[in-house]
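Architecture and fold: a report
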Amino acid sequence: MEADRVYNFNPGPATLPLEVLKEAQAEFLNFHHSGMSILEISHRAKQYDEVHQQAKADIKELMGLGDDYEVLFCQGGASQQFAMIPLNFATKEHPGNYVLSGSFATKAYKEAELLGVGEIAASSKDVDFRHIPTQDELKINPEASYVHLCYNNTIYGTEFHYVPDTKGVPLIADMSSDMLSRPVDFQKFDFIYAGVQKNLGPAGVVLVVAKKDMLAKSPETLPTMLRYSTFLKKDSLYNTPPAFCIYMVGKVAAWIKANGGLVEMEKRNQKKAKVVYDAIDNSNGFYRGHADKDSRSFMNVTFRLPSEELEKKFVAEALEHQLSGVKGHRSVGGMRASIYNAMPYEGALRLAEFMEKFRKENA
Ligand SMILES: *Cc1c(COP(=O)(O)O)cnc(C)c1O
């Protein structure tokens, strides 16, 4: 069974650490002597509370954040955060400022635009989102309530390699596809969120890590479940949380800690990304990377082949080599290899070797 597992390059839901899956399997039928599985247990039970608190503590420890930050578990995907952020923080006088660096960044902006509270601070759309806007390209309104970025652009395969200076305007980042993949100066951010199904767990929960004073700002006129202040006051337990997802996120956070934390994750992720990008760069133009080199993502490697026929053939033959999920998003075309924390180096190496073999056979 285990030998039948493929290297899963899907963008999300995505590969999870095998050790974590096995642990969940081993304690599935009788969780911590409760006589029940974690799926069946009350979210008010002591056994669940331990899971909830440990997950929060481990995440904050990994990020190096203190008591001024809180970890929330929300629902509705990262997509619902696109709406909740402007609802909670932006007004017409103090709009949200958006850096458009790809699809999800643009979707986030569109929600603010619907509410009449969105402004564009920078965009790389004119160059097909091949690069991350630089500090000099950012036009931040000093009256803005926040600046919103998408730190890693899952579809285009670009990633921020700097933390923008917003001149005191609160900084919000969608880190859905690179959360806990490397050390970042998280204290420079006021609000970070991540749909966990990319790098941290199964679909169903959105992690929010934000300054408590920011979370307390929600207008009282908003419906209860749309207010961050509700999640803050009730420790994300106002209603029934997605307990199983939070349990899995907790296990992944513990796995990251046990494997050397974010410093080690970064080392591994850089090594994996290098072997795949080298296969592109050493292909005499057979493979063409989408992202500009200085904006390349460590998480999602996007590239094209000389023709769509070859791209189809590549996907089919990759699967015969137990390399699954390499087809790119329809808006970019071509290939995308997602190499999140849980992808072992062996998987990236196997992909690079396959790329080399495929090029020799088809160039
Ligand atoms: C996948 C993704 C989203 C959307 O997440 P959902 O949880 O499906 O709503 C948003 N932002 C980024 C960067 C993503 O990769």
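Residues numbered from 1 in each chain as written. Predicted model: local features only at pLDDT ≥ 70, side-chain atom pairs only at ≥ 80, totals over all residues. Heavy atoms only, no water.

**Some remarks on the packing of helix H8 (residues 261–281) against helix H10 (residues 345–362)**
- At a minimum axis separation of 9 Å, H8 and H10 run at an interaxial angle of 5°. Classified by the interaxial angle, the pair formed by H8 and H10 is roughly parallel. Contacts from Lys271, Lys272, Val275, Val276, Ala279 and Ile280 in H8 reach Tyr345, Ala348, Leu349, Leu351, Ala352 and Met355 in H10.
- When the residues that make up the contact of H8 with H10 are grouped by side-chain class, the tally is ten nonpolar, no polar and two charged. (Axes fitted to C-alpha atoms, helices over the stretch in contact; angles between N-to-C directions. Helix = DSSP H or I, 4+ residues; strand = E, 2+ residues; numbered from the N terminus. Parallel < 35°, antiparallel > 145°, perpendicular 65-115°, else oblique. Contact = heavy atoms within 4.5 Å. Nonpolar A, V, L, I, M, F, W, Y, C, P; charged D, E, K, R; others polar.)

**Overview of the site of the ligand**
- The environment of the ligand is formed by 13 residues, the closest being Ser79, Thr154, Asp174, Gln197 and Lys198.
- One of the side-chain nitrogen or oxygen atoms of Gln197 is found 2.9 Å away from an oxygen atom of the ligand.
- In the model, an oxygen atom of the ligand is placed 2.5 Å from a nitrogen or oxygen of the Lys198 side chain.
- Of the residues forming the shell around the ligand, the biggest block, four residues, is contributed by helix H3 (residues 77–89). (Near = heavy atom within 4 Å. Polar contact = N/O pair within 3.5 Å; in protein donor to acceptor, adjacent residues only side chain to side chain.)

**Some points on the UniProt feature "modified residue: N6-(pyridoxal phosphate)lysine" (unreviewed entry) in the protein chain**
- The sites that UniProt annotates as "modified residue: N6-(pyridoxal phosphate)lysine" (unreviewed entry) are Lys198.
- Turning to its location among the elements, Lys198 is positioned in the loop between strand E9 (191–195) and strand E10 (206–211).
- Judged by relative accessible area, which is 11%, Lys198 ranks as buried. (UniProt positions renumbered as here; feature names shortened; annotations may be inferred. Buried < 20%, exposed > 50% of the residue type's maximum accessible area, 1.4 Å probe, protein only.)

**With respect to the domain arrangement of the protein chain**
- According to the domain assignment, the protein chain contains domain 1 (33–258) and domain 2 (261–362).
- Across the boundary between the two partners, domain 1 contributes 28 residues, which contact 27 residues of domain 2.
- Both sides of the domain 1 and domain 2 interface together cover about 2,200 Å² of buried area, and 55% of this is carbon and sulfur.
- Seen at the junction of domain 1 and domain 2, the total is zero salt bridges.
- In terms of residues, the side of domain 1 that touches domain 2 owes the most to one element, helix H7 (residues 243–258), which gives three residues. (Domains from an automatic or database assignment. Buried area = accessible area lost by both parts, 1.4 Å probe. Salt bridge = Lys/Arg side-chain N within 4 Å of Asp/Glu carboxyl O.)

**Overview of helix H9 (residues 308–320)**
- If you check H9, its first and last C-alpha atoms are 19 Å apart, about what 13 residues at 1.5 Å a residue would give, namely 18 Å.
- Along H9, the positions that sit buried rather than exposed are Leu310, Glu311, Phe314, Glu317 and Ala318. Projected down its long axis, H9 shows its buried positions confined to an angular sector of 135°, all on one face. More than 90 degrees from the buried face of H9, the exposed residues found are Glu308, Glu309, Lys312 and Glu320. (Expected span 1.5 Å × (residues − 1). Arc of directions from axis to C-beta.)

**A few points about the packing of aromatic side chains**
- In total, this model carries 21 aromatic pairs according to the counting rule given.
- Here the aromatic rings of Phe89 and Tyr228 are separated by 5.5 Å at their centres, their planes lie at 10°, and the arrangement is stacked. Within this pair, whereas Phe89 is found in helix H3, its partner Tyr228 is found in helix H6 (residues 228–233), the two being separated by 139 residues in sequence.
- We classify Phe89 as buried; its relative accessible area is 11%.
- Owing to a relative accessible area of 0%, Tyr228 belongs among the buried residues under this scheme. (Phe/Tyr/Trp six-rings, centres within 6.5 Å; stacked < 30°, edge-to-face > 60°.)

**Topic: the sheet that holds strand E2 (residues 69–74)**
- As summarised here, the arrangement of the seven strands in space is E2-E10-E9-E8-E5-E3-E4, forming an open sheet in which the pairing is mixed. Across the chains shown, the open sheet's two edge strands, defined by having one partner strand only, are E2 and strand E4 (118–123). Taking each pair of neighbouring strands and ignoring which way they run, the sheet shows an average axis angle of 20°.
- Those strands touched by helix H2 (residues 46–63) are E2, E9 and E10, and its axis lies near 130° from that of E2.
- On the sheet, helix H4 (residues 103–114) packs against strand E3 (96–100), E4, strand E5 (146–150) and strand E8 (171–174) and is oriented at approximately 155° with respect to E3. (Pairing = 2+ DSSP bridges.)

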